[in-house]
Amino acid sequence: MRDGEEMLQLNVARLKRIPGDSARYKQDVQMPSFKVQGESVNFSGPVVIDVVIDNTGKHLVVEGKASGKLKLACSRCLDFFEYSFEVPVKEVYTAAPEEDADEAVSFTGDFLDISPEITKSIIMHLPMKALCREECRGLCPVCGINLNERQCRCAGKDIAPRLNVLKKYFEQKE
Ligand SMILES: [Zn+2]
Ligand SMILES: [Zn+2]
């Protein structure tokens, strides 16, 4: 596959002709990067989609989940890391947009591209503050080095007296 051809296309040629029928689609797909608050977010590897599509006679109802990895910047140390996600996917599609213009996403032909809905769900479920790991030590507020990688000599210099009291308290407890 070349860039630009990596579309998420679910073949519904048969399904859309049989009201009451449903089909499961499980596949690895390539998804294009997307933007959140002006920042471009890239996927790391394929996205696994696992959905069931029901033909209700009027609509094609897609329901399932998508999982994969994103490259996110840690909000503490600013390093990029792989963030695993699994998000629900639910959307209603119609081949007759004039009937339910605001209820369903319209599509034409025999293929359904659900990638916009998957991207929407991923954005909705993104963490407010992404962390490379729970115990990320972040950047030194004084010299700016990444404290996960190196230790600097700033530590302790600027600790407020109140924090020193706390520090002593915890040392006693240990
Ligand atoms: Zn971090
Ligand atoms: Zn420092």
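Conventions used here
- Residues numbered from 1 in each chain as written.
- Chains lettered and ligands numbered in written order.
- Predicted model: local features only at pLDDT ≥ 70, side-chain atom pairs only at ≥ 80, totals over all residues.
- Heavy atoms only, no water.
- Donors = N, O, S within 2.8 Å, 3.2 Å for Na, K, Ca; no water.
- Tetrahedral: all angles 85-135°; square planar, octahedral: opposite > 155°, others 65-115°.
- Buried < 20%, exposed > 50% of the residue type's maximum accessible area, 1.4 Å probe, protein only.
- Pairing = 2+ DSSP bridges.
- Helix = DSSP H or I, 4+ residues; strand = E, 2+ residues; numbered from the N terminus.
- Salt bridge = Lys/Arg side-chain N within 4 Å of Asp/Glu carboxyl O.
- Contact = heavy atoms within 4.5 Å.
- Core = buried A, V, L, I, M, F, W, Y, C linked by side-chain atoms within 4.5 Å.

Student: Help me get a handle on the coordination of the zinc ion (ligand 1), residues and values and all.
Tutor: Within the protein, the zinc ion (ligand 1) binds to Cys74 (SG), Cys77 (SG), Cys132 (SG) and Cys136 (SG); these donor distances fall in the range 2.3 to 2.4 Å. The coordination sphere of the zinc ion (ligand 1) comprises 4 donor atoms, whose angles at the metal cover 104 to 113 degrees; the geometry is tetrahedral. Counting along the primary sequence, the residues that act as donors to the zinc ion (ligand 1) give the motif C-x2-C-x54-C-x3-C. For cysteine 136, a relative accessible area of 5% translates into the label buried.

Student: Give me the lowdown on the pairing of strand 6 (residues 60-73), citing residues and values where you can.
Tutor: Where strand 4 (residues 39-43) meets strand 6, 2 bridges bridge the pair, whose relative direction is antiparallel. The partner of phenylalanine 43 across the bridge, within strand 6, is leucine 70. The sheet contact formed by strand 5 (residues 47-55) and strand 6 spans 8 bridges and is antiparallel. Within strand 6, the residue paired with aspartate 54 across the bridge is valine 61. Two successive antiparallel strands, strand 5 and strand 6, enclose a turn made up of 4 residues, where glycine 57 displays a positive phi of approximately 100 degrees. Sheet topology note: the strand 6/strand 7 (residues 80-94) ladder contains 14 bridges and is antiparallel. In the sheet register, lysine 69 faces strand 7, and the bridge partner there is serine 84. As consecutive antiparallel partners, strand 6 and strand 7 are separated by 6 residues, and within that stretch leucine 78 has a phi angle of approximately 70 degrees, a positive value.

Student: Requested: an account of the pattern of salt bridges, with residues and values cited.
Tutor: Counting across every chain of the model gives 7 salt bridges. In this structure, the salt-bridge partner of aspartate 110 is arginine 17, at a minimum N-O distance of 3.7 Å. In this pair, aspartate 110 sits in the loop between strand 8 (105-106) and strand 9 (111-112) while arginine 17 sits in the loop between strand 1 (10-11) and strand 2 (22-29), placing the two residues 93 residues apart along the sequence. Exposure remark for arginine 17: the relative accessible area of 54% places this residue in the exposed category.

Student: Account for helix 1 (residues 115-124), with residues named and values stated.
Tutor: For helix 1, the complete set of buried residues consists of Ser115, Glu117, Ile118, Thr119, Ser121 and Ile122. Elements that come into contact with the buried residues of helix 1 comprise strand 3 (34-36), strand 4, strand 5, strand 6, strand 7 and strand 8.

Student: Could you give me a rundown of the coordination of the zinc ion (ligand 2), with the residues and numbers involved?
Tutor: Binding of the zinc ion (ligand 2) to the protein goes through Cys140 (SG), Cys143 (SG), Cys152 (SG) and Cys154 (SG), at separations of 2.3 Å. In this structure, the zinc ion (ligand 2) is coordinated by 4 donor atoms arranged in tetrahedral fashion, with angles at the metal of 106 to 112 degrees. The sequence pattern describing where the donors of the zinc ion (ligand 2) fall on their chain is C-x2-C-x8-C-x1-C.

Student: Could you give an account of the nonpolar core, naming the residues involved and the relevant values?
Tutor: With 34 residues, the main nonpolar core has Leu10, Ile49, Ile53, Leu70, Leu112, Ile114 and Ile118 as its most contacted residues. Broken down by secondary-structure element, the contributors of at least two residues to this core are strand 2, strand 4, strand 5, strand 6, strand 7 and helix 1. Excluding anything up to four places from it in sequence, isoleucine 114 contacts Leu8, Leu10, Ile49, Val51, Val62, Val89 and Tyr93. Among the nonpolar cores identified, the runner-up in size contains 5 residues, and Cys140, Ile145, Cys152 and Cys154 belong to it.

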